[in-house]
Amino acid sequence: QQPVQSPQAVILREGEDAVINCSSSKALYSVHWYRQKHGEAPVFLMILLKGGEQKGHEKISASFNEKKQQSSLYLTASQLSYSGTYFCGTEGQGAQKLVFGQGTRLTINP
Amino acid sequence: DAMVIQNPRYQVTQFGKPVTLSCSQTLNHNVMYWYQQKSSQAPKLLFHYYDKDFNNEADTPDNFQSRRPNTSFCFLDIRSPGLGDAAMYLCATSRGKSFVQYFGPGTRLTVL
């Protein structure tokens, strides 16, 4: 079953923060986050494994609450290069595949 | 550089005319995936190979077939393309469960 992302779209000014949420109705083993720019392939951002971990690099971080089957992606002090569509991909117990959410379109304006 | 390569990048075919898309990888990954992505939608998994084991998604139409002759190459065959099959087709590879999926640049298929 497809995870649900919110919001569907966000418009920010450069330097503002954003949070993108991903929620599943099924028990999850891991959550993957990808960013896709228009006409390009998705690019990996990070993986979070069950255990309630939080990861981050530079100004992009994420958390995974396995009890709630939710993950959130945090973008701090956004840059123009952060624009694109963000997808979470969820991996269920015993699965070898990802099911992607519908995406969140992020627009950063100068 | 190790990478995932897809050919061609753009493919135009006629309604009902078979078409084959190719994917190759230099990462030596066990798993290869084929996704279909339509405009403003999420990538949708069609099937994947774990080594030689083929795994088809329940809702993948019979019109779509795949071959993996060796570790490096994987092909997507669309036997009789319809207008609804126009999409971006993405190939991805991974070392296995819970590992990063690396995507190729995609092949944009147009059906006339």
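Residues numbered from 1 in each chain as written. Chains lettered and ligands numbered in written order. Predicted model: local features only at pLDDT ≥ 70, side-chain atom pairs only at ≥ 80, totals over all residues. Heavy atoms only, no water.

K.L.:
Can you lay out the interface of chain B and chain A for me, pointing to particular residues and giving the numbers?
P.N.:
On the side of chain A, 25 residues touch chain B, which itself brings 21 residues to the contact. Between chain B and chain A, the buried area comes to about 1700 Å², and carbon and sulfur atoms account for 57% of it. For the chain B face of the interface with chain A, the top three residues by lost area are Lys 97, Ser 98 and Phe 103 of chain B, together amounting to 32%. Counting across the interface, chain B meets chain A through one salt bridge. The shortest N-O distance in the salt bridge between Glu 57 of chain B and Lys 97 of chain A comes to 2.7 Å. Listing elements by their share of the side of chain B that touches chain A, those giving two or more residues are β4 (31-37), β5 (44-50) and β9 (87-94) of chain B. Here the side of chain B that touches chain A is composed, by residue class, of 12 nonpolar, seven polar and two charged. (Contact = heavy atoms within 4.5 Å. Buried area = accessible area lost by both parts, 1.4 Å probe. Salt bridge = Lys/Arg side-chain N within 4 Å of Asp/Glu carboxyl O. Helix = DSSP H or I, 4+ residues; strand = E, 2+ residues; numbered from the N terminus. Nonpolar A, V, L, I, M, F, W, Y, C, P; charged D, E, K, R; others polar.)

K.L.:
An account of empty space enclosed by the protein is needed here, citing residue identities and associated values.
P.N.:
Scanning all chains against the criterion turns up one cavity of 30 Å³ or more. Computed from the structure, the largest cavity encloses a volume of approximately 40 Å³. Together, His 32, Glu 91, Gln 96, Lys 97 and Leu 98 of chain A together with Tyr 33, Ser 94, Gly 96, Lys 97, Ser 98, Phe 99 and Gln 101 of chain B line the largest cavity. Here the residues of the lining of the largest cavity sort into three nonpolar, six polar and three charged. (1 Å grid on protein atoms, 1.4 Å probe; cavity = no way out; pocket = protein on both sides within 12 Å on 5 of 7 lines; lining within 4 Å. Points joined across faces, edges and corners; volume = space filled by probe spheres on them.)

K.L.:
Requested: an account of the state of the cysteines, with residues and values cited.
P.N.:
According to the stated counting rule, one finds two disulfides over all chains in the structure shown. The disulfide that involves Cys 22 of chain A links it to Cys 88 of chain A, with 2.0 Å between the sulfurs. Between Cys 22 of chain A and Cys 88 of chain A, the S-S torsion sits near 70 degrees, and that sign places the bridge as right-handed. On the criterion of sequence distance, the pair formed by Cys 22 of chain A in strand β3 (residues 18-23) and Cys 88 of chain A in strand β9 (residues 84-92) is long-range, its members being 66 residues apart. What pairs with Cys 23 of chain B in a disulfide is Cys 91 of chain B, and their sulfur atoms sit 1.9 Å apart. Classification of the bridge connecting Cys 23 of chain B and Cys 91 of chain B rests on its S-S torsion, roughly -70 degrees, and on that basis the disulfide is left-handed. You can see Cys 23 of chain B sitting in strand β3 (residues 19-25) and its partner Cys 91 of chain B sitting in strand β9, a full 68 residues away along the chain. Of the two residues examined, Cys 23 of chain B and Cys 91 of chain B, each falls in the buried class. No disulfide involves Cys 74 of chain B; its sulfur sits 6.1 Å from that of Cys 91 of chain B, the nearest cysteine. (Disulfide = S-S within 2.5 Å. Buried < 20%, exposed > 50% of the residue type's maximum accessible area, 1.4 Å probe, protein only.)

K.L.:
Would you mind going over the pattern of salt bridges in detail, with residue names and values included?
P.N.:
Residues and elements named next belong to chain B. All told, the structure shown has three salt bridges over all chains when counted by the stated rule. When the shortest N-O distance is used, the salt bridge between Asp 59 and Lys 44 registers 3.4 Å. Placement of the pair is Asp 59 in the loop between β6 (53-56) and β7 (64-67) and Lys 44 in strand β5, with a sequence separation of 15 residues.

K.L.:
Explain the layout of surface pockets residue by residue, including any values.
P.N.:
The volume enclosed by the largest pocket comes to roughly 540 Å³. What lines the largest pocket is a set of 24 residues, and nearest its centre among them are His 38, Thr 85 and Arg 105 of chain A together with Ser 39 and Ser 40 of chain B. Only β9 and β11 (104-109) of chain A together with β9 of chain B provide two or more residues apiece to the lining of the largest pocket. The leading source of residues in the lining of the largest pocket is β11 of chain A, at four residues. When the residues that make up the lining of the largest pocket are grouped by side-chain class, the tally is five nonpolar, 14 polar and five charged. Each pocket or cavity is described by its volume, and for the second largest pocket that value is around 440 Å³. Forming the boundary of the second largest pocket are 22 residues, of which Gln 1, Lys 97, Leu 98 and Val 99 of chain A together with Glu 57 of chain B lie nearest the centre. Looking at the lining of the second largest pocket, the elements that each hand over two or more residues are β9 and β10 (99-100) of chain A together with β5 of chain B. Among the elements that take part in the lining of the second largest pocket, β9 of chain A stands out by supplying three residues, more than any other. Residues belonging to the lining of the second largest pocket are distributed by class as follows: 11 nonpolar, five polar and six charged.

K.L.:
Could you give me a rundown of the nonpolar core, with the residues and numbers involved?
P.N.:
The biggest cluster of nonpolar side chains holds 21 residues, and the ones touching the most others in it are Trp 33, Leu 73, Leu 75, Tyr 82, Tyr 86 and Leu 106 of chain A. Put simply, the parts of the chain that give this core at least two residues each are β2 (9-13), β3, β4 (28-36), β5 (43-49), β7 (60-65), β8 (70-75), β9 and β11 of chain A. Leu 21, Trp 34, Leu 76 and Leu 109 of chain B belong to the second largest nonpolar core, which has 18 residues in total. (Core = buried A, V, L, I, M, F, W, Y, C linked by side-chain atoms within 4.5 Å.)

These figures capture arrangement, not role.
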